[in-house]
Amino acid sequence: MKPSFVLAALVLASTSALAATKPVPTSCTPEVNRTLLQFLHDNSGDSHAQLDNVMVCGTAITDSFEQGTSSTGTGAHQVILLNVPTRDGSKVTVEIVSNDSLDGVVTASKGDTVYAYGQGYITSSRDIRKRIHPVAGVHDTHCATNSHMDDGWVVVNGTHYPAQACKASSRRRRRSH
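Along each chain, residue indices are assigned from 1 in the same order as the chain's sequence is written. Selection of residues for local features in this predicted model requires a pLDDT of at least 70, selection of side-chain atom pairs for listing and counting requires 80 or more, and totals for whole chains, interfaces and linings are taken over all residues. In computing side-chain values, all of the structure's heavy atoms are included and hydrogens and water are not.

Caption draft 1: Spatial organisation of the side chain of Gln119. As for its placement among the helices and strands, Gln119 is situated in strand S5 (residues 113-122). At 3.2 Å, the side chain of Gln119 forms a polar contact with the side chain of Gln50. In this structure the side chain of Gln119 is engaged in a polar contact, spanning 2.8 Å, whose partner is the side chain of Asp52. Setting aside residues no more than four positions away along its own chain, Gln119 makes contact with Gln50, Leu51, Asp52, Gly137, Val138, His139, Asp140 and Met149. Helical segments are the DSSP runs of H or I of at least four residues, strand segments are the runs of E of at least two, and each set is numbered from the N terminus. The definition of a polar contact used here is a pair of N or O atoms within 3.5 Å, where within protein one atom must be able to donate a hydrogen and the other to accept one, and adjacent residues in sequence count solely through side-chain atom pairs. Contact definition: two residues touch when any of their heavy atoms are within 4.5 Å.

Caption draft 2: Inspection of the state of the cysteines at higher detail. Working definition: a disulfide is two cysteine sulfur atoms within 2.5 Å of each other. In the structure shown here, the tally under the stated rule is 2 disulfides. A sulfur-sulfur separation of 2.2 Å characterises the disulfide bridge that pairs Cys28 with Cys57. Disulfide Cys28-Cys57: the torsion about the S-S bond is 90°, which places it as right-handed. Of this pair, Cys28 sits in the loop between helix H1 (2-18) and helix H2 (34-43) while Cys57 is found in strand S1 (residues 50-60), placing the two residues 29 residues apart along the sequence. Across the disulfide from Cys143 sits Cys166; the S-S distance is 2.0 Å. Here the disulfide of Cys143 and Cys166 is left-handed, its torsion about the S-S bond being about -95°. Of the two residues, Cys143 is situated in the loop between strand S6 (136-139) and strand S7 (153-156) and Cys166 in the loop between strand S8 (159-161) and helix H4 (168-175); the sequence distance between them amounts to 23 residues. Taken in N- to C-terminal order, the disulfide-linked cysteines of the protein are connected 1-2, 3-4.

Caption draft 3: Examining the confidence of the model for the protein more closely. Per residue, pLDDT measures the predictor's confidence, with a range of 0 to 100. With 79% of its residues at a pLDDT of at least 70, the protein reaches an overall mean of 81. Ignoring residues within four places in sequence, the model shows residues 1-19, a span with pLDDT below 50, making 5 contacts including any to other chains.

Caption draft 4: Region of the structure containing the nonpolar core. In this structure, Leu36, Val56, Ile80, Ile96, Val154 and Val156 are the most contacted members of the largest nonpolar core, which totals 22 residues. Those elements that place two or more of their residues in this core are H2, S1, strand S3 (77-85), strand S4 (91-99), S5, S6 and S7. Dropping the residues within four chain positions of it, Leu36 is found in contact with Val54, Met55, Val56, Val94, Gly120, Ala136, Gly137 and Val138. By size, the runner-up hydrophobic cluster in this structure holds 7 residues, among which are Cys57, Tyr115, Tyr117 and Trp153. Joining through side-chain atoms within 4.5 Å is the link that ties buried Ala, Val, Leu, Ile, Met, Phe, Trp, Tyr and Cys residues into a set, and such a set is a nonpolar core. The rule is simple: take the accessible area with a 1.4 Å probe, protein chains only, and divide by the maximum for that residue type; under 20% is buried, over 50% is exposed, in between is partly exposed.

What follows is the structure, given as structure tokens:
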């Protein structure tokens, strides 16, 4: 009887720790990008539109690069530009913007497979990166800093950022406010 109680407690603890994020998909398919692409379709041109808890995957089309420190004092960021597969077989360009302080320094090389989970947004027509215009992006790819977001992440060729799992106890405190 005691072993099954311990097993049940372990299962409950592990599922509650994972409840505030999504698992990394096993392959990059248009279905992974469905929510972001629908959001893009519904909000095209609205550079103020944002959507929490969005997943994206694709192939890096350039080496990642540092964006630098923002005027808001949030520190340096890394940018990864992706070709993202769509249902019709085409690709769209999406940027992943990670925060060096919260995610670690996330780097990718051209051709790397990248997955990200965080807050989706529509880019402005003025947003040109390395002579490329991404149509949308995903940022806040780190442990949640507000109560309405899941914990985010970036995975580059199997390397997970942030490297340390988010603490469930801090998540519960944030969500209870």
